[in-house]
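Listed here are the chains, written in short residue letters.
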Amino acid sequence: MTDGAFLSEALAWLIGLMAVGATVLCFGALFSMGRSGYRKD
(Lines give C-alpha, C1' and ligand atoms only; values in the text may rest on other atoms or scores of the structure.)
Protein backbone atom coordinates (compact mmCIF):
# COMPACT_ATOMS: atom_id res chain seq x y z
CA MET A 1 0.00 0.00 0.00
CA THR A 2 2.36 2.72 1.23
CA ASP A 3 5.61 2.74 -0.69
CA GLY A 4 8.80 4.59 0.09
CA ALA A 5 8.13 7.39 -2.39
CA PHE A 6 4.82 8.29 -0.72
CA LEU A 7 6.35 8.23 2.77
CA SER A 8 9.24 10.39 1.59
CA GLU A 9 6.84 12.89 0.02
CA ALA A 10 4.67 12.99 3.15
CA LEU A 11 7.70 13.52 5.36
CA ALA A 12 8.95 16.33 3.13
CA TRP A 13 5.53 18.04 3.27
CA LEU A 14 5.43 17.64 7.06
CA ILE A 15 8.87 19.20 7.47
CA GLY A 16 7.94 22.01 5.09
CA LEU A 17 4.74 22.81 6.96
CA MET A 18 6.60 22.80 10.28
CA ALA A 19 9.22 25.17 8.85
CA VAL A 20 6.57 27.57 7.54
CA GLY A 21 4.71 27.47 10.85
CA ALA A 22 7.88 28.13 12.82
CA THR A 23 8.76 31.06 10.55
CA VAL A 24 5.34 32.64 11.00
CA LEU A 25 5.37 32.12 14.78
CA CYS A 26 8.90 33.53 15.12
CA PHE A 27 7.97 36.58 13.06
CA GLY A 28 4.88 37.11 15.20
CA ALA A 29 6.84 36.78 18.42
CA LEU A 30 9.52 39.22 17.28
CA PHE A 31 6.87 41.68 16.09
CA SER A 32 5.04 41.40 19.41
CA MET A 33 8.24 41.89 21.40
CA GLY A 34 9.19 44.91 19.30
CA ARG A 35 5.77 46.49 19.74
CA SER A 36 5.73 45.95 23.53
CA GLY A 37 8.53 48.50 23.97
CA TYR A 38 6.35 51.33 22.71
CA ARG A 39 3.40 50.70 24.99
CA LYS A 40 2.73 52.90 28.01
CA ASP A 41 0.72 50.29 29.94
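Treat the numbers as computed from the prediction; the structure is a model and nothing was measured.

**Q** Please set out the overall build of the chain residue by residue, giving values where relevant.
**A** When its secondary structure is counted, the chain shows 1 helix and 0 strands. For the C-alpha atoms alone, the extent of the chain along its principal axes is close to 60 × 10 × 5 Å. Surface summary for the chain: the accessible area is close to 4100 Å², and the carbon and sulfur share equals 72%.

**Q** Account for the packing of aromatic side chains, with residues named and values stated.
**A** Tallied over the full model, the rule gives 1 aromatic pair. Considering the side-chain rings of F27 and F31, the 6.4 Å spacing of their centres and the 20 degrees angle between planes classify their relative orientation as stacked. Of this pair, F27 and F31 are both found in helix 1 (residues 4-36), 4 residues apart, which corresponds to roughly one turn of the helix. The pair F27 / F31 is uniform in exposure class, with both members exposed.

Calculation criteria
Residues numbered from 1 in each chain as written. Predicted model: local features only at pLDDT ≥ 70, side-chain atom pairs only at ≥ 80, totals over all residues. Heavy atoms only, no water. Helix = DSSP H or I, 4+ residues; strand = E, 2+ residues; numbered from the N terminus. Areas by Shrake-Rupley, 256 points an atom, 1.4 Å probe, with all protein chains shown as cover. Phe/Tyr/Trp six-rings, centres within 6.5 Å; stacked < 30°, edge-to-face > 60°. Buried < 20%, exposed > 50% of the residue type's maximum accessible area, 1.4 Å probe, protein only.

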